[in-house]
Amino acid sequence: MEISVRQMYDIEENGHKMGFLKKFMMENAGAAAVRRLCERVPDIASKEVLILSGMGNNGGDGLVMARHLAGHGARVTVILLGTHDRIRTEESSWNWSILKKMPSVRLMEGCDSYPRPDVMIDAVLGTGIAGDIREPYASAIRHINGTECFTMAVDVPSGLNPETGLAATPSVRADVTVTFHKMKRGIPQRPDLTGRVYVEKIGIPPEAEEGVL
Ligand SMILES: NC(=O)C1=CN([C@@H]2O[C@H](COP(=O)(O)OP(=O)(O)OC[C@H]3O[C@@H](n4cnc5c(N)ncnc54)[C@H](O)[C@@H]3O)[C@@H](O)[C@H]2O)[C@@H](O)CC1
Ligand SMILES: [K+]
């Protein structure tokens, strides 16, 4: 079943009000994405992974992935596309503050030149996308597309509108996309951008869908 972005936000809100806090959803989302990544890249411990994280909760999923990947022994760099004081949500800031205590993860706030990794994680933009792609997000997306390495998009390839299926210029072209809870209706319209799509449950109680679906 495909759902709208509005329905996804309402389900998330209902789950949060039930006490299944958004930070738990984010944790499960990042963990599920890393499980899929390890399936697709079995020798992850020998890999250099670059995570490009935006300032919203899509970026927060990327921050969770950084911690899990460090646990798997990967060499992880996170580039936050802004400064940490501009992170927009409590759950994402919370994950950033954990990473600050982890020397095993290299953290950068903004950057002039991007490292060239073996694996790229696109956690730039998700369901919160609105309008034309602004900087520094546009440069980050162009960088992702300019590398040859294996690319996983978190929730939706950045630039692709998960409601309409319309793709901004630029939009990420991913090898795989891991989306959460249920398929958003715009995602299956662009297999050329998403690559293979996995839909992962993130622990939201089914009761959170009551009155929404
Ligand atoms: N819905 C859910 O159940 C869950 C959602 N999660 C994640 O949260 C994401 C949604 O998070 P948010 O609502 O914070 O939104 P996003 O993280 O998708 O985007 C918000 C950020 O992007 C910026 N932005 C929006 N459009 C832009 C544009 N055109 N150019 C440049 N910057 C732009 C905004 O200013 C804001 O900083 C989902 O895609 C998913 O990855 C997960 O944490 C797990 C739970
Ligand atoms: K993304």
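The structure displayed is predicted, hence computed values, not measured ones.

Asker: I keep staring at the coordination of the potassium ion (ligand 2) and nothing clicks. Help me out?
Answerer: Coordination angles at a metal have ideal targets, namely 109.5 degrees for four tetrahedral donors and 90 or 180 degrees for six octahedral donors. Distances from the potassium ion (ligand 2) to its protein donors, Asn58 (OD1), Asp122 (O), Leu125 (O), Val154 (O), Val156 (O) and Ser158 (OG), fall within 2.7 to 3.1 Å. Each of the six donor atoms bound to the potassium ion (ligand 2) contributes to angles spanning 67 to 171°, and the resulting shape is irregular. Linear spacing of the donor residues for the potassium ion (ligand 2) on their chain is N-x63-D-x2-L-x28-V-x1-V-x1-S. Taken together, the positions of Asn58 in helix H3 (residues 57–71) and Asp122 in strand E5 (residues 119–123) put the pair 64 residues apart, joining distant regions of the chain. On the accessibility criterion, Asp122 (0% relative accessible area) is buried.

Asker: What is the right way to look at the UniProt feature "binding site: K(+)" (unreviewed entry) in the protein chain in this model?
Answerer: The feature "binding site: K(+)" (unreviewed entry), as annotated in UniProt, sits at Asn58, Asp122 and Ser158 in this numbering. Annotated residues spanning 101 residues; largest pairwise C-alpha distance 9.5 Å, indicating a single compact cluster. Relative to the assigned elements, Ser158 resides in the loop between strand E6 (150–154) and strand E7 (176–180). Residue classification places Ser158 among the buried positions, given a relative accessible area of 0%. Those residues in contact with Ser158, other than ones at most four positions away along the chain, are Asp122, Val124, Leu125, Ile141, Pro170, Ser171 and Val172.

Asker: Any chance you could explain the pattern of salt bridges here in plain terms?
Answerer: Any two side chains of opposite charge can pair, on the condition that their charged atoms come close. Counted by the stated rule, this structure contains 13 salt bridges. Asp43 is the salt-bridge partner of Lys47, the closest N and O atoms lying 3.5 Å from each other. Residues joined by salt bridges that share partners form a network here, namely Arg36, Glu39 and Glu200.

Asker: Just to check I follow, could you spell out the confidence of the model for the protein chain for this structure?
Answerer: The predicted structure's coordinates, where accompanied by low pLDDT, should not be read in detail. The predicted model of the protein chain averages 97 in pLDDT, with 100% of residues at 70 or higher. Model confidence for the complex is summarised by a pTM of 0.98, with the ipTM given as 0.97.

Asker: Sorry, what's going on with the packing of helix H2 (residues 22–40) against helix H4 (residues 90–99) here?
Answerer: The description of two helices packed together rests on the angle between their axes and the distance between the axes. Two elements in contact, H2 and H4, have axes separated by 9 Å at closest approach and are oriented at 55°. Between H2 and H4, the crossing angle belongs to the class labelled oblique. For the element pair H2 and H4, the recorded crossing hand is right-handed. Within the contact between the two elements, H2 uses Lys22, Lys23, Met26 and Glu27 and H4 uses Glu90, Glu91, Ser92, Trp94 and Asn95. Along the lines of polarity and charge, the residues of the contact of H2 with H4 split into two nonpolar, two polar and five charged.

Asker: How should I be thinking about the packing of aromatic side chains in this particular structure?
Answerer: In this description, an aromatic ring pair is defined by two values, namely the gap between the centres and the angle between the planes. By the definition in use, this model includes one aromatic pair. Seen from their ring centres, Phe20 and Phe24 are 5.8 Å apart, and the 45° between their planes marks the pair as tilted. A relative accessible area of 38% means that Phe24 is categorised as partly exposed. Positioned above the aromatic ring of Trp94 is the side chain of Lys23, whose terminal nitrogen or guanidinium carbon lies 4.1 Å from the ring centre.

Asker: How should unusual backbone geometry be read in this particular structure?
Answerer: Outside of glycine, negative phi angles account for most residues, and trans bonds account for most peptide bonds. Cis geometry marks the peptide bond from Glu135 to Pro136; its omega dihedral reads 5°. Looking at where Pro136 falls in the secondary structure, it is placed in the loop between E5 and helix H5 (137–146). Residue Pro170 is reached from Thr169 by a cis peptide bond, and omega for that bond is 0°. Within the secondary structure, Pro170 sits in the loop between E6 and E7.

Asker: How do you make sense of the side chain of Asp122 when you look at a structure like this?
Answerer: No salt bridge forms around the buried Asp122; measuring N to O, its nearest opposite-charge neighbour Arg173 is 11 Å away. Reaching out from Asp122, the side chain makes a polar contact with the backbone nitrogen of Val124 at a distance of 3.2 Å. At a separation of 2.5 Å, a polar atom in the side chain of Asp122 contacts the side chain of Ser158. The residues touching Asp122, leaving out its near neighbours within four places in the chain, are Leu52, Asn58, Ile144, Met152, Ala153, Val154, Val156, Pro157, Ser158 and Val172.

What counts as what
- Residues numbered from 1 in each chain as written.
- Chains lettered and ligands numbered in written order.
- Predicted model: local features only at pLDDT ≥ 70, side-chain atom pairs only at ≥ 80, totals over all residues.
- Heavy atoms only, no water.
- Donors = N, O, S within 2.8 Å, 3.2 Å for Na, K, Ca; no water.
- Tetrahedral: all angles 85-135°; square planar, octahedral: opposite > 155°, others 65-115°.
- Helix = DSSP H or I, 4+ residues; strand = E, 2+ residues; numbered from the N terminus.
- Buried < 20%, exposed > 50% of the residue type's maximum accessible area, 1.4 Å probe, protein only.
- UniProt positions renumbered as here; feature names shortened; annotations may be inferred.
- Contact = heavy atoms within 4.5 Å.
- Salt bridge = Lys/Arg side-chain N within 4 Å of Asp/Glu carboxyl O.
- pLDDT = per-residue confidence, 0-100.
- Axes fitted to C-alpha atoms, helices over the stretch in contact; angles between N-to-C directions.
- Parallel < 35°, antiparallel > 145°, perpendicular 65-115°, else oblique.
- Left-handed = near helix turned anticlockwise from the far one by under 90°.
- Nonpolar A, V, L, I, M, F, W, Y, C, P; charged D, E, K, R; others polar.
- Phe/Tyr/Trp six-rings, centres within 6.5 Å; stacked < 30°, edge-to-face > 60°.
- Lys NZ or Arg CZ within 6 Å of the ring centre and 35° of its normal.
- Lys, Arg positive; Asp, Glu negative; His and termini not counted.
- Polar contact = N/O pair within 3.5 Å; in protein donor to acceptor, adjacent residues only side chain to side chain.

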